[in-house]
Amino acid sequence: MDDLYREVIIEHYKNPGYRGSLDPNDISFEDENPLCGDHIKIDLRVGGDGKVSEAAFDGHGCAISQASADLLLESIIGKDVNEIKHLTKTDVMDLLGIELGPVRLKCALLPLKILKAGVYGLGEATDDLLEEGQA
Amino acid sequence: MTAYNVEKIRKDFPILGIEVSPGVPLVYLDSTATAQKPAVVIDAMDEYYRTSNGNIHRGVHYLAERATSMYEASRAKVAAFIGADKPKEVIFTRNATESINLVAQTWGRAFLNKGDLVVLTEMEHHSNLVPWQMLAKEKDLRLEFITVTEDGELDQAVYDQWLDQGPKLVAFAHMSNVLGTINPAKAMIAKARRAGAITLVDGAQSVPHFPVSVKDLDVDFMAFSAHKMVGPTGVGALYGKEELLDKMPPYMGGGDMIRKVYLRSFTPNELPWKFEAGTFCIAEAIGFGAAVDYLNSIGMDAIANYEHQLVQSALIKMKTIPGLEIMGEKAAHRGGVVSFTLPGIHPHDVAQILDQNGIAIRAGHHCAMPLHDKFGISASSRASFYLYNTEEEINHLVVSLQKVVKMFS
Ligand SMILES: Cc1ncc(COP(=O)(O)O)c(C=O)c1O
């Protein structure tokens, strides 16, 4: 059993490396999944070279959404903001390393939607953002 | 009376024998969302399509006659099941939700006016909230709510205060799909009547689980769904008192609901067909009748007693899990629903891990967001029990919940 809850997910849920908030920040965005009430806010600091220097998330939700946020932020430190625009669903699934059904997929992808909406400076986090480089 | 034989009952439900993965049998604890179906219900629908399929009320050939009499026989069974005097007081709809919308859009539109007070409760399913919110917006009605106490009961003192203000309608769930609370419907309806209000009971969770008589309750309208009472999806019913249904304008327009149609006008059909426009889900309506026959064969008293034992045992066993909190645990009368939270563990995670153990429970707000707000949480996990669940399944649930707690500790 428990394939879904690989050690890494439980570990990132219980001891997240990037939980918190950044004030001041360069990019901040928050949204929620009304279905389950998962809520996440992501703050980024971007250096003069256009690369992410610091990242933090805050909020509440299931282990999948929270671990996904932590893993995602870990993966973008030092990355160019423009690169973040090209992150997709597949990247998140690779980070989590699990298969998810349609309901839980929404939890897993919430952090990416929020991150991309913030980076693009959009008003809301939509599902279109889960595909390659849309604006 | 013979002893309740749950093993025999389980054999009537083909799906209860499946494994969700090799060696992991299904433990179905989500009957509040939808109940499983016995073979007699599945067969009744199958048989109908194989031997009796024809459109009802419109043909004179063998199949049309046969389908019509089966459909109407099913209505009579459903009417008798809820203690209605006349089959024509039972309107077939798609589900409880449609039944409530029907009342809002016909009776409500015709008889409620600007400023009228409609009393609902904080424990309603969205299906008994949103139709009234929509109507309130359209007609500028006033909605007020009977509050829910910490024990998970309706605050009757608050109800009395609203009654003093002369509501036109009081609408509430007979049994909460989250707390399991069984509300004192008969007394509440009597009070509403004295205050001059029309009453609507959402029977989606009561009719499947214990004997309900509309006559004894003296309720004006009652809504329920077949799929929660071992019947098929796609069909439900609205009970209404004849004199009220007679005064109401039709709901949807089309075939079957008319007596005569001219190019610019029509006259509506008589009850109950006035509210049944278009070709209906005939097979499902017949399956509904088979479901009622099945429940009668076991006996609603026996089912209610058995579920009562199960839930009492579940409450005791579940409370041994560290940190587990049950919503509305102390309600004086409760049915087979236990909604709970575990500290620091999201209900989605609980449900997902249980699923890997073959256990189906529900996680989320169970279509009752305002009630969860009231309890200060965004979601809960819910295990619910029905006539085919067993003590062993409860034990399995408890052991699996212990595993969940351990994983996250
Ligand atoms: C109390 C209550 N009312 C209404 C409904 C709506 O039932 P349906 O979706 O079949 O219309 C439900 C279903 O969950 C319920 O539990």
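Residues numbered from 1 in each chain as written. Chains lettered and ligands numbered in written order. Predicted model: local features only at pLDDT ≥ 70, side-chain atom pairs only at ≥ 80, totals over all residues. Heavy atoms only, no water.

> Tell me about the overall build of chain A, residues and numbers included.
Within chain A, the secondary structure is distributed over five helices and three strands. Starting at the N terminus and ending at the C terminus, chain A contains elements arranged as α-β-β-β-α-α-α-α. In summary, chain A has a C-alpha radius of gyration of 14 Å against a globular reference of 14 Å for 135 residues, a match within 12%. Summarising its shape, the C-alpha atoms of chain A cover approximately 45 × 30 × 25 Å along the three principal directions. Looking at the 135 residues of chain A, the share that counts as buried comes to 47%. Here the contacts in chain A between residues at least 6 apart in sequence split such that 57% fall between residues at least 24 apart. When the accessible surface of chain A is split by element, carbon and sulfur atoms take 47% of a total near 6100 Å². For chain A, the distance from the average position of its 13 positive side-chain charges to the average position of its 26 negative side-chain charges is 0 Å. (Helix = DSSP H or I, 4+ residues; strand = E, 2+ residues; numbered from the N terminus. Rg over C-alpha atoms; globule rule 2.2 N^0.38 Å. Buried < 20%, exposed > 50% of the residue type's maximum accessible area, 1.4 Å probe, protein only. Contact = heavy atoms within 4.5 Å. Areas by Shrake-Rupley, 256 points an atom, 1.4 Å probe, with all protein chains shown as cover. Lys, Arg positive; Asp, Glu negative; His and termini not counted. Charge placed at Lys NZ, Arg CZ, Asp CG, Glu CD.)

> Quick rundown of the interface of chain B and chain A? Include the residues and the values.
Taken together, the 17 residues of chain B in the interface contact 20 residues of chain A. Both sides of the chain B and chain A interface together cover about 1500 Å² of buried area, and 56% of this is carbon and sulfur. Among the residues chain B hides against chain A, the three largest losses belong to His348(B), Gln356(B) and Met407(B). Together they make up 35% of the total. Run the count over chain B and chain A and you get one salt bridge. One salt bridge in this structure joins Arg104(A) and Asp349(B), with 3.2 Å as the shortest N-O distance. Summed over the shared surface of chain B and chain A, the result is eight residue pairs in polar contact (both at pLDDT 80 or more). Within the residue set of the side of chain B that touches chain A, elements represented by two or more residues are α12 (347-356) and α14 (391-408) of chain B. (Buried area = accessible area lost by both parts, 1.4 Å probe. Salt bridge = Lys/Arg side-chain N within 4 Å of Asp/Glu carboxyl O. Polar contact = N/O pair within 3.5 Å; in protein donor to acceptor, adjacent residues only side chain to side chain.)

> Now, about the domain arrangement of chain B: what can you tell me, with residues and values included?
Quite often, the size of an interface is put as the accessible area lost when its parts meet. Residue and element names in this part refer to chain B. According to the domain assignment, chain B contains domain 1 (6-30 + 299-408) and domain 2 (42-296). Once you take the C-alpha centre of each, domain 1 and domain 2 turn out to be 28 Å apart. Listed by partner, the interface residues are 36 residues for domain 1 and 34 residues for domain 2. Of the roughly 2600 Å² buried where domain 1 meets domain 2, counting both sides, 61% is carbon and sulfur surface. Together, Met300, Leu371 and Tyr386 form the three largest contributors to the area buried by domain 1 at its contact with domain 2, with a combined 24%. There are one salt bridge connecting domain 1 and domain 2. Glu122 is the partner of Lys374 in a salt bridge, and the nearest nitrogen-oxygen pair spans 3.0 Å. Inspection of the domain 1/domain 2 interface yields 18 residue pairs in polar contact (both at pLDDT 80 or more). Sorting the residues of the side of domain 1 that touches domain 2 by element identifies α11 (300-318), β14 (337-341) and α13 (369-374) as the ones contributing at least two each. (Domains from an automatic or database assignment.)

> A description of the sheet that holds strand β16 (residues 362-364) of chain B should follow, citing residues and the corresponding values.
Strand pairing in a sheet is mediated by backbone hydrogen bonds. Such pairs are either parallel or antiparallel. Residues and elements named next belong to chain B. The strand order across the open sheet built from four strands is β13-β14-β17-β16, with neighbouring strands paired in antiparallel fashion. Each edge of the sheet is formed by a strand with only one pairing partner; in this case those strands are β13 (325-326) and β16. In this structure, β13 lies alongside β14, joined through two bridges in antiparallel fashion. Considered in β14, the bridge of Glu325 is made with Thr341. α12 contacts β14, β16 and β17 (380-384) of the sheet and is inclined by roughly 160 degrees relative to β16. (Pairing = 2+ DSSP bridges. Axes fitted to C-alpha atoms, helices over the stretch in contact; angles between N-to-C directions.)

> Lay out helix α4 (residues 96-111) of chain B with the relevant residues and their values.
Residues and elements named next belong to chain B. The end-to-end C-alpha distance of α4, which contains 16 residues, comes to 21 Å, matching closely the 22 Å that a straight helix rising 1.5 Å per residue would cover. Counting buried positions along α4 yields 12 of 16 residues, so the element is predominantly enclosed. Residues Ala96, Glu98, Ser99, Ile100, Asn101, Leu102, Val103, Ala104, Gln105, Thr106, Trp107 and Gly108 constitute the buried set of α4. (Expected span 1.5 Å × (residues − 1).)

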